[in-house]
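# Understanding the architecture of this molecule
Given next are the chains, with one letter for each unit.
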Amino acid sequence: MADCIFCKIIEGEIPSSKVYEDENMYAFRDIEPQAPVHVLIVPKKHITSLDGCSPEDAEILGKVMVKVKEIAEIAGITNGYRLVSNCGEDGFQTVEHIHFHLLGGRPMLWPPG
Ligand code: DGP
């Protein structure tokens, strides 16, 4: 997607601090970390959000989910984490390419606010 910032990061047109990459996903450090460890896990396919995904995306999204624990380990998380996908206006989604925030390195608050 030509004007998508995450597509540009995946293509290497915008620099990022890579944590993990395979044929399906790219994970990198968030530029505005909300926790001591804050990684964005982004499917390489340009899906806009959870609202924008379709049944054909189930395989790739499943592959992301089963890879989370490995990415957490690579990122240095040792005591649990939170995985968040903001969706739409009330979800405070700011980049319209589906992504999962992997947050760790401190106890998380609940409810999240
Ligand atoms: P969300 O608000 O859920 O759509 O999250 C978007 C996240 O993307 C936000 O935490 C900041 C991060 N972000 C935006 N632009 C860049 C960038 O150019 N590089 C990196 N590393 N992160 C970015």
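Structural notes, computed from the coordinates. Per chain, residues are indexed from 1 in the order of the written sequence. Given that the model is predicted, a residue must reach a pLDDT of at least 70 before its local features are reported, and side-chain atom pairs must reach 80 or more before they are shown or counted; all residues, however, enter totals for whole chains, interfaces and linings. As a convention, hydrogens and water are excluded, and side-chain values are obtained from all of the structure's heavy atoms.

## Focus on the overall build of the protein
How we decide: Under the DSSP-based scheme used, a helix requires at least four consecutive residues in state H or I and a strand at least two consecutive residues in state E, with every element numbered from the N terminus. Radius of gyration here uses only the C-alpha atoms, and the compact-globule reference equals 2.2 Å multiplied by the residue count raised to the power 0.38. Burial status follows relative accessibility: with a 1.4 Å probe on protein chains alone, a residue under 20% of its type maximum counts as buried, one over 50% as exposed, and anything between as partly exposed. Residue contacts are defined here by distance: any two heavy atoms, one from each residue, within 4.5 Å place the two residues in contact.
Summing up its helical and strand segments, the protein has two helices and five strands in all. From first element to last, N terminus to C terminus, the protein shows the α and β order α-β-β-β-α-β-β. Relative to the 2.2 N^0.38 estimate, which gives 13 Å for 113 residues, the radius of gyration of the protein is 14 Å and therefore close to what a compact globule would have. The buried share among the 113 residues of the protein stands at 40%. Sequence separation of 24 or more characterises 54% of the internal contacts of the protein that already satisfy a separation of 6 or more.

## Thoughts on the site of the ligand
Stated formally: What makes a residue near a molecule or strand is one non-hydrogen atom of that residue sitting within 4 Å of it. Residues adjacent in sequence count toward polar contacts only when both atoms are side-chain atoms; beyond that, a polar contact is any pair of N or O atoms within 3.5 Å, and within protein one must be able to donate a hydrogen and the other to accept it. Exposure was quantified through the Shrake-Rupley algorithm and a 1.4 Å probe, taking into account, for residues, occlusion by the shown protein chains and nothing else.
The environment of the ligand is made up of 15 residues, and the closest members are Arg29, Asp30, Asn86, Thr94 and His101. Within the contact set of the ligand, a nitrogen atom lies 3.3 Å away from a backbone nitrogen or oxygen of isoleucine 31. Contacts to the ligand include valine 95, whose backbone N or O atom sits 3.0 Å from an oxygen atom. Across the complex, the protein chains shield 86% of the 510 Å² of accessible surface that the ligand would expose by itself. Looking at the shell around the ligand, the element that brings in the most residues is helix H1 (residues 5-10), giving three residues.

## What to know about the state of the cysteines
This is how it is decided: Only a pair of cysteine sulfur atoms within 2.5 Å qualifies as a disulfide here.
Enumeration according to the criterion identifies zero disulfides in this entry. The structure places no disulfide on cysteine 7, whose sulfur is separated from the nearest cysteine sulfur, that of cysteine 4, by 3.8 Å. On the basis of relative accessibility, which here comes to 11%, the residue cysteine 7 falls in the buried class. No disulfide involves cysteine 87; its sulfur sits 8.5 Å from that of cysteine 53, the nearest cysteine. Taking relative accessible area as the criterion, cysteine 87 reaches 24% and is therefore assigned partly exposed.

## Description of the nonpolar core
Keep this limit in mind: We define a nonpolar core as any set of buried Ala, Val, Leu, Ile, Met, Phe, Trp, Tyr and Cys residues linked to one another through side-chain atoms lying within 4.5 Å.
In terms of nonpolar packing, the biggest core is built from 19 residues, with Ala27, Val39, Ile41, Ile71 and Leu102 touching the most fellow members. Ranked by the residues each element gives to this core, the list is headed by helix H2 (residues 58-75), at seven residues. Those residues within four positions of leucine 102 in sequence are excluded, and the remaining contacts are Val37, His38, Val39, Ile41, Val68, Ile71, Ala72, Ile77, Tyr81, Arg82 and Leu83. Residues Phe6, Cys7, Ile9 and Phe28 belong to the second largest nonpolar core, which totals ten residues.

## What to know about H2
Stated precisely, the cut-off is as follows: Given the number of residues in a helix, its expected span is that number minus one, multiplied by 1.5 Å.
Here H2 spans 25 Å end to end across 18 residues, near enough to the 26 Å set by a 1.5 Å rise per residue. Considered for burial, the residues of H2 that qualify are Ile60, Leu61, Val64, Lys67, Val68, Ile71, Ala72 and Ala75. If you follow the buried residues of H2, they end up packed against strand E1 (18-21), strand E2 (25-29), strand E3 (37-43), strand E4 (81-84) and strand E5 (100-104). Just past H2, the residue glycine 76 takes up positive phi, approximately 95 degrees.

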